[in-house]
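A look at the structure
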Amino acid sequence: QPSPSNPRPAGCFKRAPAMPKRRRDNGSDDSESDEQNDAENEDEALRDTLRAVNASVAAARRRGGEERARLVAEATAAAKVTAEAAATRIEAEEMKMGVEQDRAALEAEKASMEKAHTFQNSTIVLSVGGHRFETSRQTLTSVSDTYLASMFSGRFLLTPDAEGAYFIDRDGRHFHYILNFLRDSGSFKLSSDLTESQRDELRVEATFFGLLDLMMPGPYQTQERVGQSLLRGACVDGTRRALETAVAQARALVFEMGSTTPFLAEEVQDLRWVITDRVVNGSPVWAAVDGEYFMFRNSTQKLTVGFEKHCVEGSNCGYMINMEETADVAAPTALPSDEWVSCSWATLASHYASARRVGDTPWAYVPEMRITAVHGLDDGEPAMAAALRQLAALAA
């Protein structure tokens, strides 16, 4: 047991003295080496940890991107399905609405047809200017595009008076001619007993009901339509030149032409010319009543008389020519009468040899040529009146 005088107990050995620390070749001792190793190991462990964390983060990002892409795809697909469902629903609603509208229209048409059937098979009483007439809807609608055909087409609601008659505010004295024409339009003939005054009154009524051209066709009805067409076209153009040209042409729809003294051959003397709807070189074509000769503007802007082949070609060939260039001349009646020339074929042989020639050409001047207008549109005709109003407005 240890004591103050004997501090080391019996049986204990003396501690060996500490060994000196070994030194490395670089002069450091073992403790420094261990510390350095420990530090390196810690750094390597830290790096491994960081690498593991980075890999985990990258993996998480990949999984997040994949999940986001999946969610976006699912959302897109869901939106597409929703849009298609909405479109299908709208289409179905529209189809349903269309079916309902068609059904309603069909019912309305059915009701209208039933009403029209009753209307068609019943006698129709008209009160025209105090005159009473009985007829049928079939008669009143027998000629299309007329006042009566439109009125009794079934498209309009008509209300008869207390006596069951449909009132028309026109002169009833001549209405029986209107009905007789509608009943037998193919063989209707106007009575020759009508005075000119009565014919004028009937012409007014036929015009109102849209039957004038059918009931009382004039001898130049076709030419009048051509003139009206020219005037309407000029009104659309709106220029002074177009309007003046159309007015002059519409006033010369029909004219006669010939020499006042014996000069022209019989074939071309005193021919009557009527305007046609043909146009050659920018000008209307007039045809002789016999249909063999045509008056047209040739390629040098001169009015020429020739056969059909000359007219079709618009060539300079012909039998008579007016030497005045017609670019600024509206109608044959406006051409200078002393500029007409004829070839030997169109001239009497007895006069051709001594006739005044156009230079060294075979063309001979026609002496005392006359052109007389026979028929044209009056200034009061609607198309003519419209053109004249436009001309007046341009001059103002």
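Below or above, wherever it landed, is the structure these notes cover. Note that this is a predicted model, so its numbers are computed, not measured.

The rules behind these values
- Residue positions within a chain follow its written sequence, with the count starting from 1.
- Only residues with pLDDT of 70 or above have their local features reported here, since the model is predicted, and side-chain atom pairs are shown and tallied only from 80 upward, although totals for entire chains, interfaces and linings are computed over all residues.
- Side-chain measures were taken over the full set of non-hydrogen atoms in the model, leaving aside hydrogen atoms and water.
- By definition, any uninterrupted DSSP run of H or I lasting at least four residues is a helix, any uninterrupted run of E lasting at least two residues is a strand, and each is numbered from the N terminus.
- Whether a residue is buried, partly exposed or exposed follows from its accessible area with a 1.4 Å probe, protein chains only, as a fraction of its type maximum: under 20%, in between, or over 50%, in that order.
- We call two residues in contact when some of their heavy atoms are within 4.5 Å.
- Surface exposure here means Shrake-Rupley accessible area, sampled with a 1.4 Å probe, where a residue is shielded only by the protein chains that are shown.
- The salt bridge definition used is simple: a Lys or Arg side-chain nitrogen within 4 Å of an Asp or Glu carboxyl oxygen.
- For this analysis, a polar contact is any N or O atom pair within 3.5 Å, provided that within protein one partner can donate a hydrogen and the other can accept it, and provided that sequence-adjacent residues contribute only side-chain to side-chain pairs.
- Nonpolar cores are built from buried Ala, Val, Leu, Ile, Met, Phe, Trp, Tyr and Cys residues. Side-chain atoms within 4.5 Å join them into one set.
- Only the stretch in contact is used when a helix axis is fitted, and all axes are lines through C-alpha atoms; the angle between N-to-C directions ranges over 0 to 180 degrees.
- Small angles under 35 degrees read as roughly parallel and large ones over 145 as roughly antiparallel, with 65 to 115 read as roughly perpendicular and the rest as oblique.
- Handedness of each helix crossing follows the sense of rotation of the near helix against the far helix: counterclockwise by less than a right angle gives left-handed, clockwise gives right-handed.
- Only strands that DSSP links by at least two bridges are regarded as paired with each other.
- Buried and open spaces are told apart on a 1 Å grid over the protein atoms alone, a cavity being a set of points where a 1.4 Å probe fits but cannot get out and a pocket being an open set with protein on both sides within 12 Å along at least five of seven lines. Residues with an atom within 4 Å of a point are the lining residues.
- Grid points are joined across faces, edges and corners, and a volume is the space filled by probe spheres set on the points.
- Here the nonpolar group is Ala, Val, Leu, Ile, Met, Phe, Trp, Tyr, Cys and Pro; Asp, Glu, Lys and Arg are the charged ones; every other residue, Gly included, is treated as polar.

So, about the overall build of the chain. A count of helical and extended segments in the chain gives 11 helices and 12 strands. For the chain, the residues scored as buried account for 32% of the 396 residues in total. Pairs at least 24 apart in sequence give 53% of the contacts found in the chain among residues at least 6 apart. Here the chain has roughly 25000 Å² of accessible surface; of this, 53% comes from carbon and sulfur atoms.

We now examine the pattern of salt bridges. Proximity of charged atoms lets side chains of opposite charge pair with each other. Applying the stated criterion across every chain yields a total of 15 salt bridges. Of the charged contacts, one joins Arg51 and Asp48 as a salt bridge, the two residues approaching to 2.1 Å between their closest N and O atoms. Linking Arg51 with Asp48, this pair stays in helix H1 (residues 30-120), spanning three residues, or about one helical turn. Under the relative-accessibility criterion, Arg51 is labelled partly exposed at 45%. Asp379 is paired through a salt bridge with Arg251; the nearest N and O atoms lie 3.0 Å apart. Note that Asp379 is positioned in the loop between strand S12 (369-375) and helix H11 (382-395) and Arg251 in the loop between helix H8 (240-250) and strand S4 (254-259), a separation of 128 residues in sequence. In this structure Arg251 comes out as partly exposed when scored by relative accessible area, which is 39%. Taken together, the shared-partner salt bridges in this structure form one network comprising Glu44, Arg47, Asp48 and Arg51.

Here Asn298 shows up in the loop between strand S7 (294-297) and strand S8 (302-306). At 3.0 Å, the side chain of Asn298 and the side chain of Thr304 are in polar contact. For Asn298, the residues in contact, after removing those within four places along its chain, are Asn281, Thr304, Gly314, Ser315 and Asn316.

Let us look at the nonpolar core. Leu231, Met257, Trp273, Met295, Val305, Met320 and Trp340 are the most contacted members of the largest nonpolar core, which totals 47 residues. Those residues in contact with Met320 that lie beyond four places of it in its chain are Met257, Leu264, Val268, Leu303, Thr304, Val305, Trp340, Val341, Ser342, Ala346, Trp363 and Met369. Counting residues in hydrophobic clusters, the runner-up holds 25 residues, among them Ile124, Leu148, Met151 and Phe188.

Turning to the environment of Val204, a few remarks are in order. Within the secondary structure, Val204 sits in helix H5 (residues 196-208). Taking the C-alpha atoms as reference points, Val204 and Asp171, 33 residues apart in sequence, are found 9.8 Å from one another.

The next point concerns the packing of helix H7 (residues 221-237) against H11. Packing of H7 against H11 brings their axes to within 9 Å, and their N-to-C directions diverge by 30°. What the angle tells us is that H7 and H11 run roughly parallel. Where H7 crosses over H11, the two elements pack in a sense that is left-handed. In this structure, H7 uses Gln228, Leu231 and Cys235 to contact H11, whose residues at the interface are Ala383, Met384, Ala386, Ala387 and Gln390.

Read from one edge of the open sheet, three strands run S2-S1-S3, paired in mixed fashion. The sheet is open, and its two borders are formed by strand S2 (131-136) and strand S3 (165-168), each paired with just one other strand. Within the sheet, the average angular offset between the axes of one strand and its neighbour, ignoring direction, is 30°.

Computed from the structure, the largest pocket encloses a volume of approximately 410 Å³. For the lining of the largest pocket, the elements supplying multiple residues, two or more each, are H5, helix H6 (212-215) and H7. If one sorts the elements of the lining of the largest pocket by residue count, H7 sits on top with four residues. Across the lining of the largest pocket, the residue classes tally to five nonpolar, five polar and four charged.

Moving on to unusual backbone geometry. Look at Asn281: it is not a glycine, yet its phi comes out positive at around 50°. Relative to the helices and strands, Asn281 is located in the loop between strand S5 (271-280) and strand S6 (283-288). You can call Asn281 partly exposed: its relative accessible area is 35%. The phi dihedral of Glu368 falls on the positive side, at around 50°, and the residue is not glycine. As for its placement among the helices and strands, Glu368 is situated in the loop between strand S11 (364-365) and S12. Looking at Glu368, the relative accessible area reads 53%, which means it is exposed.

Keep in mind these numbers describe shape, not what the thing actually does.
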